[in-house]
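The lines below spell out each chain.
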Amino acid sequence: MGIEVTGLDLRYGDHPAARDITFDVRPGEFVSLIGPSGCGKSSVLRALGGLLRPAGGEVRVDGERVRGPLPTRIAYVFQDLALFPWRSARRNVEVPLALRGVPRRLRRERADELLGKVGLAEVADKVPAQLSGGMRQRVAIARALASDAGILLLDEPFAALDEQTRTQLGAELLRLLAEEGKTVVFVTHSLLEAVRLSHRIVVLTPGPARIREVITVGTEDPHELHAKLTGLLFS
Amino acid sequence: MRALVYLAVAATTLLTWWLLTVTGTVAPLILPPINEVVTALRQQDPVVPMAITTARAAYGFALATLLAVPIGVVLGRDQLLNRAYEPLLATVAAVPLVVLYPVLAATLGLGTSSKVVLGGLYAFFPIAIATTRAVQQIDPELVTAMRSMGARGADLTRTVVIPSALPGIVSGLRVGLGLALVTVVAGEFIAGDEGVGYQLAASSQGYQSAALFAWVVLAIALTIVVNTVFTAMATTLERTLRR
């Protein structure tokens with residue numbers, strides 16, 4: 001599964017959110033979008049997932065043009081998680097399975113298996129309010145995995161967490177995604193997180209977002225990379 | 001603890017009542033002694049009038065619910081319709097609709113239909129308004145998340161809209177049911193020949209204070225029973241729809 005973004009223009013009414021965005025994501029790759037807050041990172045992510053109709057340009061997934069949500073190919077983890085507050089962790093993970101018509105018993109088995117993978121087997125019957133921030137995050141990731149989509153779009157999923165939980169969850173997420181062989185686009189405003197997790201980093205300008213630079217992680221000296229990114233973001 | 005508080009309130013009320021009558025502070029015509037009211041209570045046959053009033057209120061409430069909940073969902077979801085009709089809804093709700101009762105009585109007669117329609121009319125507005133508000137307050141991110149997972153119209157209504165809005169809808173239903181009961185009793189009080197309201201009117205116009213107070217006590221008891229049943233039903237509904 002790969003994503004190609006070509007000349008993407010996004011606007012809300014008369015207000016431009018992004019201009020002439022072109023980049024690609026190769027199958028199995030982890031790409032981060034970083035940029036100053038409010039620059040339009042989330043809007044770009046929404047357009048990739050077919051949740052925001054572009055004013056110009058196009059997004060292709062596996063060569064097919066994206067015109068709306070593609071639930072079997074693209075799964076989302078939202079910034080505020082969007083978990084159902086009245087549903088248990090298990091029943092939250094079951095949602096995409098139910099929408100795909102998976103029978104009840106299989107749904108439950110698959111949900112329990114995924115909750116086990118993210119280390120939440122013990123709390124499957126608790127509702128989100130009874131879970132910690134980090135646990136809620138894992139439920140949202142398990143739900144995204146339940147859709148069996150090859151592409152995962154994550155919108156600042158760790159924003160509400162403390163640094164330690166953030167680092168730990170980031171590491172777990174990498175292990176999990178490698179196991180499942182997912183292609184990932186990850187929106188963050190944390191430089192450190194982007195460097196730690198990604199293969200490539202797409203740096204965006206202040207809004208309306210344009211592409212400032214696309215950086216491949218691992219080819220450069222870490223200190224130079226950090227200095228360069230800091231320069232790009234804060235100049 | 002709660003039972004103790006209830007008990008204390010009831011005891012204080014009865015004691016005050018007893019003191020006021022036994023000392024002759026208040027004339028028996030205005031406040032009859034407790035024992036006379038108890039005797040009057042024994043002489044009444046409350047089942048039929050209470051059943052009639054409850055059935056009328058229930059019909060009116062059911063009719064109002066069937067209309068108001070779908071209308072509220074549409075007005076909560078569609079911004080254009082909302083801007084057009086929500087102000088109208090709020091304005092009409094503020095009109096004392098009981099002014100329509102003579103018209104209803106003239107067209108539908110003094111029997112059950114005019115009471116049901118009046119009760120339904122009063123129940124409709126709080127339910128429609130509460131449903132609209134509750135649906136408007138649904139977390140838009142939940143709707144987006146559901147769309148990203150492939151949900152469409154009916155799925156969205158069933159899995160997000162109704163469960164999210166349910167607590168708000170239920171509080172509208174509670175207000176609506178109360179108003180249906182009150183207006184049915186009032187309708188019976190104004191004109192009619194059966195039901196709790198009629199019994200109140202008949203004993204009041206016949207200067208039968210003890211019987212009047214007996215019916216007041218019965219009307220309060222009826223309200224408590226109706227509310228308890230409603231709460232039980234609402235709890236079951238929330239358990240079923242918010243799983």
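Calculation criteria
- Residues numbered from 1 in each chain as written.
- Chains lettered and ligands numbered in written order.
- Predicted model: local features only at pLDDT ≥ 70, side-chain atom pairs only at ≥ 80, totals over all residues.
- Heavy atoms only, no water.
- Helix = DSSP H or I, 4+ residues; strand = E, 2+ residues; numbered from the N terminus.
- Expected span 1.5 Å × (residues − 1).
- Buried < 20%, exposed > 50% of the residue type's maximum accessible area, 1.4 Å probe, protein only.
- Arc of directions from axis to C-beta.
- Contact = heavy atoms within 4.5 Å.
- UniProt positions renumbered as here; feature names shortened; annotations may be inferred.
- Pairing = 2+ DSSP bridges.
- Axes fitted to C-alpha atoms, helices over the stretch in contact; angles between N-to-C directions.
- Core = buried A, V, L, I, M, F, W, Y, C linked by side-chain atoms within 4.5 Å.
- Buried area = accessible area lost by both parts, 1.4 Å probe.
- Salt bridge = Lys/Arg side-chain N within 4 Å of Asp/Glu carboxyl O.
- Nonpolar A, V, L, I, M, F, W, Y, C, P; charged D, E, K, R; others polar.

Asks: What's the story with helix H7 (residues 222-234) of chain A in this structure? I'm lost.
Replies: Residues and elements named next belong to chain A. With 13 residues, H7 ought to run about 18 Å at 1.5 Å a step, and its terminal C-alpha atoms sit 18 Å apart, in line with that. Of the residues making up H7, those classed as buried are Leu225, Leu229, Leu232 and Leu233. Taken end-on, H7 shows its buried residues confined to a sector of 90 degrees, consistent with a single buried face. What points out from H7, more than 90 degrees from its buried face, is the exposed set His223, Glu224, Ala227 and Phe234. On the buried face of H7, the contacting elements are strand S3 (30-34), helix H6 (191-197), strand S9 (200-204) and strand S10 (211-216).

Asks: Teacher, can you tell me more about the UniProt feature "transmembrane region" (unreviewed entry) in chain B here?
Replies: Residues and elements named next belong to chain B. Mapped onto this numbering, the UniProt entry gives "transmembrane region" (unreviewed entry) at residues 57-76, 88-110, 116-135 and 212-237. Annotated as residues 57-76, this span is 100% helix and 0% strand, and its ends, taken at the C-alpha atoms, are 27 Å apart. Structurally, residues 212-237 is divided into 100% helix and 0% strand, and its ends, taken at the C-alpha atoms, are 37 Å apart.

Asks: For this particular structure, what's the right way to read the sheet that holds strand S4 (residues 56-61) of chain A?
Replies: Two orientations exist for strands paired in a sheet by backbone hydrogen bonds: parallel and antiparallel. Residue and element names in this part refer to chain A. Reading across the sheet, the 4 strands line up as S2-S1-S4-S5 and stay open at both edges, with antiparallel pairing between neighbours. Across the chains shown, the open sheet's two edge strands, defined by having one partner strand only, are strand S2 (15-25) and strand S5 (64-65). Both strand S1 (residues 3-12) and S4 contribute to a ladder of 5 bridges, which runs antiparallel. Among the inter-strand pairings, Asp9 is bridged to a residue of S4, identified as Gly56. Sheet strands touched by helix H1 (residues 41-48): S1, S2 and S4. Its angle to S1, the strand with the most contacts, is close to 120 degrees.

Asks: Explain the side chain of Arg200(A) here, please?
Replies: All names here are of chain A. Tracing the backbone shows Arg200 in strand S9. The exposure class assigned to Arg200 is buried, which follows from its relative accessible area of 9%. Setting aside its immediate chain neighbours within four residues, Arg200 contacts Asp24, Val25, Arg26, Glu29, Phe30, Val31, Ser32, Val214, Ile215, Thr216 and Val217.

Asks: What am I meant to see in the nonpolar core here?
Replies: Nonpolar side chains tend to gather and get buried jointly when the protein is soluble and globular. Of all hydrophobic cores here, the largest spans 87 residues; its most connected members are Ile3(A), Ile21(A), Phe23(A) and Leu48(A). The element best represented in this core is helix H8 (residues 153-190) of chain B, accounting for 13 residues. Apart from residues lying up to four places away in sequence, Ile3(A) is in contact with Phe23(A), Asp24(A), Val25(A), Leu48(A), Val59(A), Arg60(A), Val61(A), Ile151(A) and Val185(A). Counting residues in hydrophobic clusters, the runner-up holds 36 residues, among them Val123(A), Ala144(A), Leu161(A) and Phe186(A).

Asks: Hey, could you run me through the pairing of S9(A) in this one?
Replies: Consecutive residues of a regular strand have side chains that alternate between opposite faces of the sheet. All names here are of chain A. Judged by how many residues are buried, S9 sits mostly within the fold: 5 of 5 residues are covered. Of the two faces of S9, both are covered, the one formed by Arg200, Val202 and Leu204 as well as the one formed by Ile201 and Val203. Two elements, S3 and S9, share 4 bridges in a ladder whose sense is parallel. What sits directly across from Val31, in S9, is Arg200. Looking at chain direction, S9 and S10 are connected through 5 bridges and run antiparallel. Paired with Val203 across the two strands is Glu213, which belongs to S10. From the end of S9 to the start of S10, which pair antiparallel, there are 6 residues.

Asks: Can you help me understand the interface of chain A and chain B in this one?
Replies: Note on interface size: it is often stated as the accessible area lost on association of the parts. The interface is formed by 20 residues belonging to chain A together with 18 residues belonging to chain B. Taking both partners together, chain A and chain B bury about 1700 Å²; carbon and sulfur atoms supply 64% of that area. Among the residues chain A hides against chain B, the three largest losses belong to Phe84(A), Trp86(A) and Leu99(A). Together they make up 37% of the total. Here chain A and chain B share 1 salt bridge between them. Where Glu141(B) meets Arg46(A), a salt bridge forms, and the shortest distance between an N and an O atom there is 2.9 Å. When the residues that make up the side of chain A that touches chain B are grouped by side-chain class, the tally is 14 nonpolar, no polar and 6 charged.

Asks: What is the right way to look at the sheet that holds strand S8 (residues 183-188) of chain A in this model?
Replies: Residues and elements named next belong to chain A. What the 6 strands build is an open sheet, ordered S6-S7-S8-S3-S9-S10; its pairing is mixed. Here the strands that pair on one side only, and so sit at the sheet edges, are strand S6 (74-77) and S10. The average undirected angle you get between the axes of adjacent strands in this sheet is 15 degrees. Across 5 bridges, the pairing between S3 and S8 is parallel.

Asks: Honestly, the pattern of salt bridges in this entry has me stumped. Any pointers?
Replies: Side chains bearing opposite charge may pair, as long as their charged atoms lie close to each other. Residues and elements named next belong to chain A. Following the criterion strictly, the structure yields 24 salt bridges over all chains and no others. Between Glu109 and Arg105 there is a salt bridge whose closest N-O contact spans 3.4 Å. Of this pair, Glu109 and Arg105 both sit in helix H3 (residues 104-117), 4 residues apart, which is roughly one turn of that helix. Glu172 is the partner of Arg138 in a salt bridge, and the nearest nitrogen-oxygen pair spans 3.4 Å. Highlighted residues: Arg138 in helix H4 (residues 133-146) and Glu172 in helix H5 (residues 163-180), separated in sequence by 34 residues. Taking relative accessible area as the criterion, Arg138 reaches 15% and is therefore assigned buried. If you follow the salt bridges from partner to partner, you end up with Asp24, Arg26, Glu29 and Arg200 in one network.

Asks: Please explain unusual backbone geometry as it appears in this structure.
Replies: Most peptide bonds adopt trans geometry, and most residues besides glycine take a negative phi value. Residue and element names in this part refer to chain A. The phi torsion at Asp20 lies on the positive side, around 50 degrees, for a residue other than glycine. Structurally, Asp20 is set in strand S2. In this structure, Glu156 takes a positive phi of about 40 degrees despite not being glycine. Looking at where Glu156 falls in the secondary structure, it is placed in the loop between strand S7 (151-155) and H5. Assessed through its relative accessible area of 9%, Glu156 is described here as buried.

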